[in-house]
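A closer look at the structure
So you can see what is in the structure, the chains are spelled out below.
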Amino acid sequence: MGSISCRHFTFLLIIVLLIWSSSMEGCNARRGKHWRHSRGIGVSLSKKKGKNHGTGYHHGHVSKSKKKTPSPQAPPAFSPPSSTPSPRPSPPILAPRPPQKGYGNAPSTSIFNVLNFGAKGDGTTDDTKAFEAAWAAACKVEASTIIVPSDSVFLVGPISFSGPYCQHDIVFQLDGTIIAPTNTRAWGSGILQWLQFTKLVGITIQGSGTIDGRGAVWWQDSPLQDPVDSESKLIVPLNGTVGRNPSIPIQGSLGGKMPSIKPTALRFYGSFNVSVTGITIQNSPQCHLKFDNCIGVSVYNFSVSSPGDSPNTDGIHLQNSRDVLIRSTNVACGDDCVSIQTGCTNVYIHNINCGPGHGISIGGLGKDETRACVSNITIRDIIMHQTMNGVRIKTWQGGSGSVQGVLFSNIIVSEVQLPIVIDQFYCDKTTCKNQSSAVALSGIHYENIRGTYTVKPVHLACSDNVPCTQVTLNDIELKPLQESYHMYDPYCWQTFGELYSPTEPPIECLQIGKPPGNRIQADHDSC
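These numbers were taken from a predicted model, which means no experiment stands behind them.

1. A short note on the confidence of the model for the chain
Mean pLDDT over the chain stands at 83; residues scoring 70 or higher make up 74%. Across residues 22–86, confidence stays below pLDDT 50; counting only partners more than four residues off in sequence or on other chains, it has 48 contacts. Per-residue pLDDT stays below 50 along residues 242–251; that stretch engages in 18 contacts with residues further than four places along the chain or on separate chains.

Listed below in structure tokens is the structure:
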């Protein structure tokens, strides 16, 4: 009986061991199958990534695929100030594009020297066709460079360097001199632009060269044809000691009269990421440098040089453009050093030397009953010497729209006739019709404006029906300098705002607070 029990126990133990052994093999088999499956997925994903994403391991180093260069992006945009008053506008954060690499670093296949396309550079031969041919070739190559070499003078007629089918990031390396023709036949009945760049992305003009408009031949008839700055009516000589210098008649090279339509020397239209640096533009028949319908503009280390009595020769003219940075620039001309027209927003201007000229102006806006919109403008760290105006906003009667969020800060004026000006009755003719509507001005801030004036320190003439609001003055110190003009006290009309500190001279005419009845601009005036 005991032996039977022992055999029975042994038999049961053997069965248990067999069952346990079988379960272990199954478990190992399942583990092995799962491991192989996981490994297969890893390899598959690695191959997939390598194919689609260009990542993987090679000799212990990670290899990355070549990323496609993104198309140029606009500088960060800033929203215009809201209807809620703010102490001052925020300047746009605009980092200027660094100077593009010179042609010495570019492959030969992307360099296009105008001399290789037939240009002579002797100052007398017409090189227009050679410039056109060089542009046509460079237009097809991304990041190409057109070379206008130094020690050469190129006579070039009216020309358009046009997109929109050109490749991006073309560099126009200007180290020589480009001169305009004085032959009346080159201009026909009149052309608005001389050198024009249109519908381009990432266009840079850089170098140490000069664009010379030879404008003297155009200025001879200016007393009869050109408009007169409205603020000149405020400047009254003492005993007739100062008068306008008569023009010296100068005719074209063939003895003919130049057209009445005067060209801008250099214009950019409808372009994106535009940079102008290093060059000089001088003696333009009219405006020197103009940006129209452009986004992302950078101008620095740039110079304008024309006589102070050259008519309507604005230095830099902005219109319908946004995200603009202008800095470290010298402007001497016969009109506004910088002119900001309708459609401009996010404009930051600093470290400018202005003079001679008519100062830095917003406007004239609203001419011929048009609508004008300007916002978020910062103008600071400016030196003005012997200019007609300092910082100015000028609008025509009958216009609509608004100017909002403007800061004029750290302005040094020396022998400036009218340092601070708002003129909502601007008129460049003998008389203009009185009209009730006007461009609405609000959020205009003046701070730390110092120096000497020769006619009137402050002239704030706002619309009767649309008064200026939120005009602030802080740390204004302007001292009279008797020269040859009648001098006047500060003047204000329909100007409302705040004085944040005592001023010199006292500006007691500014009306503190808001207009009676808390009038605000009408809906049709908002932008």
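2. Some words on the pairing of strand 17 (residues 295–305)
The pairing of strand 14 (residues 272–277) with strand 17 spans five bridges and is parallel. The residue of strand 17 that forms the bridge with F272 is I295. Direction of pairing for strand 17 relative to strand 19 (residues 322–332): parallel, over a ladder of nine bridges. Of the residues in strand 19, the one forming a bridge with V304 is V331.

3. Brief notes about the pairing of strand 10 (residues 193–198)
Counting buried residues in strand 10 gives six out of six residues, a clear majority hidden from the surface. The pairing of strand 7 (residues 159–162) with strand 10 spans four bridges and is classified as parallel. Residue pairing across strands places S162 opposite T198, the latter belonging to strand 10. In this structure, strand 10 lies alongside strand 13 (residues 264–269), joined through five bridges in parallel fashion. Note that in strand 13 the partner of Q196 across the bridge is R267.

4. Brief notes about the nonpolar core
Burial of nonpolar side chains together is a common tendency in soluble globular proteins. Ranked by internal contacts, the top residues of the largest apolar core, which has 97 residues, are F268, F291, I340 and Y446. Ignoring sequence-local partners within four residues, the contact set of F291 consists of F268, V274, V276, V297, V299, I316, H317, L318, Q319 and S321. Within the second largest apolar cluster, six residues are counted, among which are I235, M388, V421 and Y485.

5. Quick look at the packing of aromatic side chains
All told, the structure shown has twelve aromatic pairs when counted by the stated rule. Where F112 meets F117, the ring centres are 6.4 Å apart and the plane angle is 45°; that geometry is what we call tilted. You can call F112 buried: its relative accessible area is 10%. Residue class for F117 comes out partly exposed when judged on its relative accessible area of 30%. Here the aromatic rings of F268 and F291 are separated by 5.3 Å at their centres, their planes lie at 10°, and the arrangement is stacked. Of this pair, F268 sits in strand 13 while F291 sits in strand 16 (residues 289–292), placing them 23 residues apart in sequence. Of the two residues examined, F268 and F291, each falls in the buried class. Directly above the aromatic system of Y488 lies the positively charged group of K456, at a separation of 5.6 Å from the ring centroid.

6. Let's talk about unusual backbone geometry
Of all residues except glycine, most have a negative phi; of all peptide bonds, most are trans. In this structure, the amide linkage connecting G355 to the following residue, P356, adopts the cis form with an omega of -5°. Within the secondary structure layout, P356 lies in the loop between strand 21 (344–354) and strand 22 (360–365). Cis geometry is adopted by the peptide bond preceding P505, which originates at E504 and carries an omega value of 0°. Along the chain, P505 falls in the loop between strand 31 (495–499) and strand 32 (511–512). Positioned with a positive phi, N410 is a non-glycine residue whose angle comes to about 55°. Locating N410 in the fold gives a position in strand 25 (residues 400–416). The phi dihedral of Q494 falls on the positive side, at around 55°, and the residue is not glycine. For Q494, a relative accessible area of 16% translates into the label buried.

7. Focus on the environment of N116
Here N116 is to be found in the loop between strand 3 (111–113) and strand 4 (122–126). Overall, N116 belongs to the exposed group, its relative accessible area being 64%. Taking C-alpha positions, N116 is 8.2 Å from A134, a pair spaced 18 residues apart along the chain.

Conventions and cut-offs
Position numbers for residues count from 1 along each chain, tracking the sequence in the order it is written. Two thresholds apply to this predicted model, a pLDDT of at least 70 for residue-level local features and 80 or more for giving and counting side-chain atom pairs, whereas whole-chain, interface and lining totals are computed over all residues. Side-chain measures here rest on the full set of heavy atoms in the structure, leaving out hydrogens and waters. Every residue gets a pLDDT, meaning the predictor's confidence in that residue, from 0 to 100. Every residue pair with non-hydrogen atoms within 4.5 Å of one another is taken to be in contact. Any two strands are treated as partners once DSSP identifies two or more bridges connecting them. Going along the chain from the N terminus, every DSSP run of H or I of four or more residues is numbered as a helix, and every run of E of two or more is numbered as a strand. Remark: exposure states derive from per-residue accessible area (1.4 Å probe, protein chains only) relative to the maximum for the residue type, with buried under 20%, exposed over 50%, and partly exposed in between. Remark: nonpolar core denotes a set of buried residues (Ala, Val, Leu, Ile, Met, Phe, Trp, Tyr, Cys) joined through side-chain atoms within 4.5 Å. A pair of aromatic rings is counted whenever rings of Phe, Tyr or Trp (Trp by its six-membered ring) have centres within 6.5 Å, and the orientation is called stacked for planes under 30 degrees apart, edge-to-face for over 60 and tilted otherwise. Lysine and arginine charges are scored as sitting over a ring when NZ or CZ, respectively, is within 6 Å of the ring centre and within 35 degrees of the ring normal.

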